[in-house]
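Close look at the chain arrangement
Each chain, written out:
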Amino acid sequence: MSANRLMARLEERIRLTGPISVADYMTACLADPEDGYYTTSPEPFGRDGDFITAPEVSQMFGELIGGWVVATWIAMGAPDPVHLVELGPGRGTLMADILRTARLRPALMDAVAVHLVELSPKLRQRQGETLGGFSSALKVAPQWHEHLSRVPEGPTLLIANEFFDALPIRQFVKTAKGWCERVVGLDNQGKLCFGVSSVALAGGLVPDTARAAEAGAILEASPASAAIAAEIGVRIAAQRGAALLIDYGYLRSAPGDTLQALSRHAFADPLAEPGKADLTAHVDFQALALAAMQAGADAMAPLTQGEFLLRLGLLERAGQLGAGKAAATQERLRGEVERLAAPDQMGELFKVLALSTPGMMLPGFERRGR
Ligand SMILES: C[S@@+](CC[C@H](N)C(=O)[O-])C[C@H]1O[C@@H](n2cnc3c(N)ncnc32)[C@H](O)[C@@H]1O
């Protein structure tokens, strides 16, 4: 019997009902109510956790997004009320930095209703602690939801940073029979292993970009991500609004294996410790944009994170924060700018997709063709 409870349950499930999809495996590892990574891990983000996200690297990230939120709210005609929604808010750091910046516009603070879409009870509590200091500045207390569909209708500003990479993906392997689903099954010793189902995808379901792929190539699809992108699209097409989706990923759909496990800032075997390591996949931004556009929203031309932050004034903000400060502070700020925007750090791997109500222009972005 395995010492890892989730592994033991997964092995038992597979013994009883057969191999499971990579998407089902990811869902169990990340969101199992008793043993999932996000539901049990107290502090996965930050220097002491398994990985570090941009809001945890520097306050400047959230402050610049806060400035974008203020400018976009004004471009929307300053609706009151307006829903400020964050998907997967982690420790609540990004929302706190956004609200600190939004405080410079008291009318926005009066209008805003904060909604946090979070599955982990532990992280909800952490977010509540982080945002506690804003209780007197907000007219309406922040509300938590399990799903975006629970957020009331109305003009919406939505932010998601490193949310979509945590959503489950399905994988397909190119075989002599065609594209067959990659599954998690059991090896001869009864341990978790990857396998390939014997049934091939119907030809019509294979995207054009994958037709020339060689044997062994892997194709990924995230129906869960596409469904949420479509839901965002429906919401902001029908009501005024905009969304900012930030993540690591690729701009054009193409085959490739991007499933990865991270533990203590190092790559790990995705099957070794279910529920103990973060499991992610790179985000297919073309698929997100298509799903949102098919639902009626406009998608701006995506930017790299580096370009986006520089357009919003990253260097100027670092200059402001460092002015008159000790050399060590200025050195720290320089390091944060590098980490967020340098092409060999987060600057190019991370992309920013902005969605809007049809016809609306968004600060920092140019429209892209439909
Ligand atoms: C990688 S963390 C990013 C945290 C934060 N946005 C940041 O940048 O620091 C992913 C976040 O999404 C949440 N999450 C993952 N899957 C979710 C789901 N299906 N529904 C709601 N929240 C989810 C996690 O609990 C966590 O708060």
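Presented here is an overview of the structure given in this document. (Residues numbered from 1 in each chain as written. Predicted model: local features only at pLDDT ≥ 70, side-chain atom pairs only at ≥ 80, totals over all residues. Heavy atoms only, no water.)

Quick look at the overall build of the protein
Just so we agree on the cut-off: Strands are runs of DSSP state E lasting at least 2 residues, helices are runs of H or I lasting at least 4, and numbering of each runs from the N terminus. Atoms counted for the radius of gyration: C-alpha only. Globule rule: 2.2 Å times residue count to the power 0.38. Only protein chains enter the calculation, and the probe is 1.4 Å; a residue is then buried if its accessible area is under 20% of its type maximum, exposed if over 50%, and partly exposed in between.
When helices and strands are counted, the protein shows 14 helices and 17 strands. At 21 Å, the protein has a C-alpha radius of gyration in line with the 21 Å of a compact globule built from 370 residues. Overall, the protein is about 65 × 45 × 40 Å in size when its C-alpha atoms are taken along their principal axes. Evaluated residue by residue, the protein yields a buried proportion of 54% over its 370 residues.

Some words on the nonpolar core
The line we're drawing: As used in this record, nonpolar core signifies buried Ala, Val, Leu, Ile, Met, Phe, Trp, Tyr and Cys residues forming a set joined through side-chain atoms within 4.5 Å.
Membership of the largest hydrophobic core comes to 53 residues, with the highest contact counts inside it found for I65, W68, V69, L99, L244, F308 and F365. Looking at which element gives the most residues to this core, the answer is helix 5 (residues 59-75), with eight residues.

Observations concerning the pairing of strand 7 (residues 178-186)
Inclusion rule: Two strands are said to pair when DSSP picks up at least two bridges between them.
For strand 7, the tally of buried residues reaches eight of nine residues, placing the bulk of the element in the interior. Pairing analysis gives two bridges linking strand 1 (residues 20-21) to strand 7, with the strands arranged antiparallel. The residue of strand 7 that forms the bridge with I20 is V184. Pairing geometry for strand 6 (residues 170-175) and strand 7, over four bridges, is antiparallel. Paired with F172 across the strands is E181, a residue of strand 7. The turn joining strand 6 and strand 7, which pair antiparallel and follow one another in sequence, is formed by two residues. Of the pairings in the sheet, the one linking strand 7 to strand 8 (residues 192-200) comprises six bridges and is antiparallel in character. What sits directly across from V183, in strand 8, is G195. Taken together, strand 7 and the strand that follows it, strand 8, pair antiparallel across an intervening segment of five residues, in which G190 is found at a positive phi of about 80 degrees.

With respect to the pattern of salt bridges
Side-chain pairs of opposite charge can arise where the charged atoms are in close proximity. Our working definition: Throughout this description, the term salt bridge denotes a Lys or Arg side-chain nitrogen within 4 Å of a carboxyl oxygen of Asp or Glu.
One pass over the full model with this rule turns up 17 salt bridges. Close ionic contact of R100 with E63 constitutes a salt bridge, the shortest N to O distance being 3.2 Å. Residue R100 is found in helix 6 (residues 93-102), and its partner E63 is found in helix 5; the two are separated by 37 residues along the sequence. Judged by relative accessible area, R100 falls into the partly exposed class, the value being 35%. Classification of E63 as buried rests on a relative accessible area of 6%. R182 serves as the salt-bridge partner of D257, at 3.9 Å between the closest nitrogen and oxygen. Here D257, found in the loop between strand 10 (241-250) and strand 11 (260-263), pairs with R182, found in strand 7; they are 75 residues apart in sequence, far enough to count as distant. Under the relative-accessibility criterion, D257 is labelled partly exposed at 45%.

Notes on the site of the ligand
Quick note on the threshold: Note on definitions. A residue lies near a molecule or strand when any single heavy atom of the residue is within 4 Å of it. In protein, a polar contact requires one atom able to donate a hydrogen and another able to accept it; more generally it is a pair of N or O atoms within 3.5 Å, and residues adjacent in sequence count only if both atoms are side-chain atoms. The classification used treats Ala, Val, Leu, Ile, Met, Phe, Trp, Tyr, Cys and Pro as nonpolar, Asp, Glu, Lys and Arg as charged, and all other residues, Gly among them, as polar.
Close contacts around the ligand come from 17 residues, with T53, G88, G90, E118 and N161 the closest. One of the backbone N or O atoms of G90 is found 3.0 Å from an oxygen atom in the ligand. Taken together, the residues that form the shell around the ligand break down as ten nonpolar, four polar and three charged.

Side note on the state of the cysteines
Convention followed: Throughout, a disulfide means two cysteine sulfur atoms within 2.5 Å of one another.
By the definition in use, this model includes zero disulfides. Looking at C180, it has no disulfide partner, and the nearest cysteine sulfur is the one in C193, 16 Å off.

Focus on helix 8 (residues 121-131)
Let me state the cut-off plainly: Starting at the helix axis, one direction is taken to each C-beta atom, and the arc is that of these directions. Note on definitions: a residue-residue contact is assigned when non-hydrogen atoms from the two residues lie within 4.5 Å.
Those residues of helix 8 lying buried are L123, Q127 and L131. For helix 8, the buried positions fall inside an angular range of 70 degrees around the axis, keeping them on one side. Along helix 8, the residues that are exposed and aim more than 90 degrees away from the buried face are P121 and Q125. The inward-facing, buried residues of helix 8 abut helix 3 (37-40), helix 6, strand 3 (112-117) and strand 4 (143-145).

Focus: the environment of G347
Assignment of secondary structure puts G347 in helix 14 (residues 343-349). For G347, a relative accessible area of 1% puts it in the buried group. Among all residues touching G347, those that are not within four sequence positions of it are T304, Q305, G306, R339, L340, A341 and A342.

These values are about where atoms sit, not about what they do.
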